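Coordinates in review
The primary structure of each chain is shown beneath.
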Amino acid sequence: MQIIQTVVVKQILTEDSKKKLFDQYEAKKLQLQRENNQLQFELKRMEKTKNFSPGALKNHFEKEINKRLEKEKLLDFQIEQLHMLPLGSELKEKEVQALIEVKVGDSWNDRQGQPEIIIKDGIIEEIREGE
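Thresholds applied
- Residues numbered from 1 in each chain as written.
- Predicted model: local features only at pLDDT ≥ 70, side-chain atom pairs only at ≥ 80, totals over all residues.
- Heavy atoms only, no water.
- Helix = DSSP H or I, 4+ residues; strand = E, 2+ residues; numbered from the N terminus.
- Rg over C-alpha atoms; globule rule 2.2 N^0.38 Å.
- Buried < 20%, exposed > 50% of the residue type's maximum accessible area, 1.4 Å probe, protein only.
- Contact = heavy atoms within 4.5 Å.
- Areas by Shrake-Rupley, 256 points an atom, 1.4 Å probe, with all protein chains shown as cover.
- Pairing = 2+ DSSP bridges.
- Axes fitted to C-alpha atoms, helices over the stretch in contact; angles between N-to-C directions.
- Polar contact = N/O pair within 3.5 Å; in protein donor to acceptor, adjacent residues only side chain to side chain.
- Core = buried A, V, L, I, M, F, W, Y, C linked by side-chain atoms within 4.5 Å.

Once that is clear, we can look at the overall build of the protein. Scanning the protein from terminus to terminus reveals 2 helices and 4 strands. Expected size for 131 residues packed as a compact globule is a radius of gyration near 14 Å; at 23 Å, the protein overshoots this value by more than 25%. Along the first, second and third principal axes, the C-alpha atoms of the protein reach 70 × 35 × 20 Å. Relative to its full complement of 131 residues, the protein shows a buried share of 27%. Contacts spanning at least 24 positions in sequence make up 77% of the contacts within the protein whose residues lie at least 6 apart. For the protein, the exposed surface amounts to about 9,700 Å²; the carbon and sulfur share of it is 53%.

Judged by pairing direction, the sheet is mixed, and its 4 strands sit side by side in the order E2-E1-E3-E4 without closing on themselves. With one partner strand each, in any of the chains shown, strand E2 (90-101) and strand E4 (123-128) form the two edges of the open sheet. Along the sheet, successive strands turn relative to each other by an average axial angle of 25°, direction set aside. Where strand E1 (residues 2-12) lies against strand E3 (residues 116-120), 5 bridges are found, and the strand directions are parallel. Opposite Val-9, over in E3, you have Ile-117 as the bridge partner.

All right, on to the environment of Arg-45 then. For Arg-45, the position within the fold is in helix H1 (residues 15-49). Here the side chain of Arg-45 touches Glu-42 through a polar contact of 2.7 Å, side chain to side chain.

Take the nonpolar core next. If you look at the biggest cluster of nonpolar residues, it comprises 8 residues: Leu-13, Leu-21, Tyr-25, Leu-32, Leu-75, Ile-79, Leu-82 and Leu-91. If you list the elements that add at least two residues to this core, you get H1 and helix H2 (54-84). Sequence-distant contacts of Leu-82, that is, excluding residues within four places in its chain, are made with Leu-13, Lys-18, Leu-21, Phe-22 and Tyr-25.

Written out as structure tokens, the structure is:
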């Protein structure tokens, strides 16, 4: 019988992966800033049409802008943390699902840990069975 199990994918921090992560964070920040500028532009444009309640309109747009500002703050924090992490640190990148074969006679307790796949610069470095 096969069962589905969650596998954690971790990345070993190297100079290359650190730079890529930094670039990804910066790109996400830039996208959020563009979205905020677009939202502010749309708000001003809609305010001029007078077809909407100004209070509700402003409230809706401010909520969307604030969501993006919070995401930007989180990215700033992640960038700050990235600068402090030493090379060789393991960062959780994502979780994937895997099919695991189980059969009568297998030890269930040995299957309870969560396996991990360790990646270094895009190459699988190690596969750790759950502990």
